Amino acid sequence: MSSIEDREKPAYSAPALTKGLEVLELLAEAGVPLTMKEIADGLGRSKNEIFRMLVALQERGYIERDPETDAFYLTDRLFKLGLHTPRQQDLLTAAMPELAAIALECQQSPHLVVVNHGLTVVIAAVPGGDDMSFTLRLGYGRLATDSTSGQVVLAFQPPAVARKVIEESQGRSAVPIDRAALEANLAAIHARGHELRSSRDFVGITDICCPIFGADGFAAASIIIAYVNRHAHDNQARHETTLGVLQASCSRISAKLSPRLRVQHPV
């Protein structure tokens, strides 16, 4: 007769796969490159146990090693695989023609952004402008609570979902999040239906951002334009024009994602 301990063990196990997933999860959570010793210590395993796994993951393109420090870090391979999920494919299929149209009409670069585990992730972008453009790399991310695109997504979430994302962001933040200030800002964004403000990071850039709603009536993503201001232009008037273009595009994308009637949010 099997013991209780035997019955609690999974019917099937794949130790090598488990080790590989542990390595990927540790590197993702760390957010910085880790040496083989740091990985072994972090997983409570010996260097001999993980050596072959690191080699295999590197050969498959999931991790890379910094030749100067011998530290390992994640590549964007997992991110690219994630783009092939049905939900992301639906979003990309609906959004890409609109991103191209925005870039052509506004001569600025639109970015499609989702929120994942407390971070924003740029999943698509189209360069705009004949002589120059400001385009973030795919996969670029920062705390959802501290970014315009993340706050726009958060402003149109059920309270429980918003709280979870805020907690996830706090877990990745080196400083406490000012919850009162954040909640006030989210309420203001929800009331306006968009965000238009000076960039938190770059001088001369204005963030213009609108939500994209999914079938459940809540924000599935946002599109942000990091508008490059010029001395010779009436930037304020152009911001308003660009906002109108962006609102119309996000409304059309939302309609494609949810053709049936859904909760109406201000746009």
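Overview of the structure.

Attention now moves to the overall build of the protein chain. For the protein chain, the count of helices and strands is 10 helices and seven strands. For the protein chain, the accessible surface area stands at approximately 15100 Å², while carbon and sulfur atoms represent 55% of it.

The full count for this structure, using the stated rule, is 10 salt bridges. Here Asp70 and Arg65 are joined by a salt bridge, their closest N and O atoms 2.3 Å apart. Bridged by salt links that share partners, the residues Glu22, Arg45 and Glu49 form one connected network.

Ranked by internal contacts, the top residues of the largest apolar core, which has 26 residues, are Leu91, Ile102, Leu112, Ile123, Ile212, Ile223 and Leu246. For this core, the secondary-structure elements that each account for two or more residues are helix H6 (86-106), strand E3 (110-116), strand E4 (119-125), strand E6 (205-213), strand E7 (219-228) and helix H10 (235-257). For this core, the element with the most residues is H6, which contributes eight residues. With residues up to four places along the chain from it excluded, the contact list for Ile212 reads Leu91, Leu112, Phe218, Ala219, Ala220, Ala221, Ser222, Ile223, Cys250, Ile253, Ser254 and Leu257. Counting residues in each nonpolar core, the second largest holds 19 residues, with Val153, Val165, Ile189 and Ile224 among its members.

This next bit is on helix H8 (residues 159-172). With 14 residues, H8 extends 20 Å between its outermost C-alpha atoms, agreeing within 8% with the 20 Å of an ideal straight helix rising 1.5 Å per residue. Buried within H8 are the following residues: Ala162, Val165, Ile166 and Ser169. Projected onto a plane normal to the axis of H8, the buried residues spread over an arc of 100° and lie on a single side. In H8, the exposed residues that point more than 90 degrees away from the buried face are Arg163, Lys164 and Gly171.

Turning our attention to the packing of aromatic side chains. Summed over the entire model, instances satisfying the criterion amount to one aromatic pair. Taking the centre distance of 5.4 Å and the plane angle of 85° together, the rings of Phe156 and Phe213 count as edge-to-face. One end of the pair, Phe156, is in the loop between helix H7 (148-154) and H8; the other, Phe213, is in strand E6, with 57 residues separating them in the sequence. Taken as a pair, Phe156 and Phe213 share a single burial class, namely buried.

It is worth spelling out the state of the cysteines at this point. Throughout the structure, instances matching the rule amount to zero disulfides. Cys209 takes part in no disulfide bond, and the closest cysteine sulfur to it belongs to Cys210, at a distance of 6.6 Å. Note on Cys209: relative accessible area 0%, which makes it buried.

Across the sheet, which stays open at both edges, the five strands sit in the order E4-E3-E7-E6-E5 with antiparallel pairing between neighbours. One side of each edge strand has no neighbouring strand; the edge strands of this open sheet are E4 and strand E5 (195-198). Pairwise comparison of adjacent strand axes, ignoring direction, gives a mean angle of 30° for this sheet. The pairing of E3 with E7 spans four bridges and is antiparallel. Its bridge partner being in E7, Leu112 is matched across the sheet by Ile223. Packing against the sheet, H10 makes contact with E5, E6 and E7, and its axis sits at approximately 20° to E6.

Examined against the element boundaries, Thr148 turns out to sit in helix H7. Among the residues examined, Thr148 registers a relative accessible area of 4% and is labelled buried. Beyond its immediate stretch of four places on either side in the chain, Thr148 contacts Glu195, Arg197, Arg200, Asp207, Cys209 and Ile224.

What counts, and at which threshold
- Residues numbered from 1 in each chain as written.
- Predicted model: local features only at pLDDT ≥ 70, side-chain atom pairs only at ≥ 80, totals over all residues.
- Heavy atoms only, no water.
- Helix = DSSP H or I, 4+ residues; strand = E, 2+ residues; numbered from the N terminus.
- Areas by Shrake-Rupley, 256 points an atom, 1.4 Å probe, with all protein chains shown as cover.
- Salt bridge = Lys/Arg side-chain N within 4 Å of Asp/Glu carboxyl O.
- Core = buried A, V, L, I, M, F, W, Y, C linked by side-chain atoms within 4.5 Å.
- Buried < 20%, exposed > 50% of the residue type's maximum accessible area, 1.4 Å probe, protein only.
- Contact = heavy atoms within 4.5 Å.
- Expected span 1.5 Å × (residues − 1).
- Arc of directions from axis to C-beta.
- Phe/Tyr/Trp six-rings, centres within 6.5 Å; stacked < 30°, edge-to-face > 60°.
- Disulfide = S-S within 2.5 Å.
- Pairing = 2+ DSSP bridges.
- Axes fitted to C-alpha atoms, helices over the stretch in contact; angles between N-to-C directions.

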